[in-house]
Amino acid sequence: MKSTEQNERQQDRISDVLAVQRNHRTIRQFTDEPIDKMQIAEIKAVADRTASSMGLQMASVLRITDQSIRTVFGEVTGQPYVADAPELWVFVADLHRNATIVEQKTGKKPVIGMGKFMSAYADALLMAQNVMNAVEALGLGGAFIGSIANDLSRVRQALHLPDGTYAALAVIFGHPDQTPEQKPRMPQNMRFFENTYPTDDTYLGEWDAYDEQMQAYTDLRHPDKTLPSFTDQAIRSFSGPANGRDALLSFLSRSGFQLFSEDRESSKA
Ligand SMILES: Cc1cc2nc3c(=O)[nH]c(=O)nc-3n(C[C@H](O)[C@H](O)[C@H](O)COP(=O)(O)O)c2cc1C
């Protein structure tokens, strides 16, 4: 039986974890203080423990310390804070490693289809989130960087990524040099459901209060103005032609993924 003291200590640790996660906010500005080596090792250990689809460990991480590669990231993302952040880690959906095992042990070239790609992509994203949790638990701060997708060919070239790999997401982190407000979230009933997806469409009026909150929020990236309402952000993001980031299939085909093969196989049947 656990003593009351043990139970209390366990309870404290649980509430510490939840408090860190509830306190999440994106940090984009950092002091010059480098991250302690022990902390890097701690974060790596957490990343390494991340669950992976089928246990196949299809995520890899590149820690970017070379200034010339960092410059490429600054240019591709159009976000200078990416190049300057104390730490810049790239999370790669990695089917290359296991494909190499298959090739070397069987002499056969494996097919890397959509299912495997999605598993590796999930592995990489989960690892990135786990790293963010560890970063925040250590009192540091960070940001996910998806804008590497602005020019995936350049990223691939800069990182010498082989066939069967895809740079899924980057994370920057360091000692925070800003204290942003938490960004408002939509009411929970808009996105947490029970059992089945609701059939009734939400009415525009239901967004009004959230739109107002968002417009009152000051994003420290542009402290001189407040954000557009949430519904305006959604309209902007979903209107207009698909951009370069949507032209993924041809990029992935050039990166050694055979994402059409399954459909072709089943259409033959
Ligand atoms: C997949 C993903 C990609 C993101 N890409 C970028 C990015 O390229 N640059 C950036 O500054 N923030 C990026 N962010 C951070 C989001 O802008 C941020 O999480 C969102 O506005 C909510 O703010 P909060 O994290 O402070 O709650 C990204 C977040 C996610 C989850």
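In the block above lies the structure referred to throughout.
Residues numbered from 1 in each chain as written. Predicted model: local features only at pLDDT ≥ 70, side-chain atom pairs only at ≥ 80, totals over all residues. Heavy atoms only, no water.

Moving on, we come to the site of the ligand. For the ligand, the set of nearby residues contains 14 residues, the closest of which are His24, Thr26, Arg28, Tyr81 and Lys183. For the ligand, an oxygen atom lies 2.6 Å from a polar atom in the side chain of His24. Isolated, the ligand exposes 620 Å² of accessible area, and the fraction of that covered by the protein chains is 70%. Counted by class, the shell around the ligand contains four nonpolar, five polar and five charged residues. (Near = heavy atom within 4 Å. Polar contact = N/O pair within 3.5 Å; in protein donor to acceptor, adjacent residues only side chain to side chain. Areas by Shrake-Rupley, 256 points an atom, 1.4 Å probe, with all protein chains shown as cover. Nonpolar A, V, L, I, M, F, W, Y, C, P; charged D, E, K, R; others polar.)

What follows concerns the side chain of His175. For His175, the location among the structural elements is in the loop between strand 4 (165-174) and helix 8 (208-216). For His175, the contacting residues outside a window of four places in its chain are Gln29, Phe30, Thr31, Glu33, Pro34, Ile35 and Leu140. (Helix = DSSP H or I, 4+ residues; strand = E, 2+ residues; numbered from the N terminus. Contact = heavy atoms within 4.5 Å.)

Take the pattern of salt bridges next. One pass over the full model with this rule turns up five salt bridges. Measuring nitrogen to oxygen at the nearest pair gives 2.7 Å for the salt bridge that ties Glu75 to Arg154. One end of the pair, Glu75, is in helix 3 (residues 67-77); the other, Arg154, is in helix 7 (residues 152-159), with 79 residues separating them in the sequence. On the basis of relative accessible area, Glu75 is assigned to the partly exposed category, the value being 48%. Judged by its relative accessible area of 30%, Arg154 is partly exposed. As a salt-bridge pair, Lys109 and Glu103 come within 3.5 Å of each other at their nearest N and O atoms. (Salt bridge = Lys/Arg side-chain N within 4 Å of Asp/Glu carboxyl O. Buried < 20%, exposed > 50% of the residue type's maximum accessible area, 1.4 Å probe, protein only.)

Within the largest apolar cluster, 33 residues are counted, with the highest numbers of intra-cluster contacts made by Ile43, Phe91, Val131, Tyr166, Phe173 and Phe257. Looking at this core, the elements with two or more residues in it are helix 2 (37-48), strand 2 (87-94), helix 6 (114-137), strand 4 and helix 10 (248-254). Broken down by element, the residue count for this core peaks at nine residues, all from helix 6. Setting aside its immediate chain neighbours within four residues, Ile43 contacts Trp89, Val131, Ala134, Val135, Leu138, Leu140 and Phe173. Judged by nonpolar contacts, the second largest core, of 22 residues, contains Tyr81, Val82, Ala85 and Ile145. (Core = buried A, V, L, I, M, F, W, Y, C linked by side-chain atoms within 4.5 Å.)

It is generally the case that most residues other than glycine have a negative phi and that most peptide bonds are trans. Phi is positive for Met54, close to 60°, though the residue is something other than glycine. Residue placement: Met54 occurs in the loop between helix 2 and strand 1 (59-63).

Attention now goes to the packing of helix 8 against helix 9 (residues 230-238). Direction vectors running N to C along helix 8 and helix 9 enclose 85°, while the axes themselves pass 7 Å from each other. When the axis of helix 8 is compared with that of helix 9, the two are roughly perpendicular. Residues Tyr210, Asp211 and Met214 of helix 8 lie in contact with helix 9, whose contacting residues are Phe230, Thr231 and Gln233. (Axes fitted to C-alpha atoms, helices over the stretch in contact; angles between N-to-C directions. Parallel < 35°, antiparallel > 145°, perpendicular 65-115°, else oblique.)

Further remarks concern helix 8. When helix 8 is considered as a whole, its buried residues turn out to be Tyr210, Asp211 and Met214. One side of helix 8 carries all its buried residues, which in axial view fall inside an arc of 105°. Facing away from the buried side of helix 8, by more than 90 degrees, are the exposed residues Glu212 and Ala216. Each element contacted by the buried residues of helix 8 is listed here: helix 9. (Arc of directions from axis to C-beta.)

Such coordinate-based values are descriptive only and should not be taken to indicate function.
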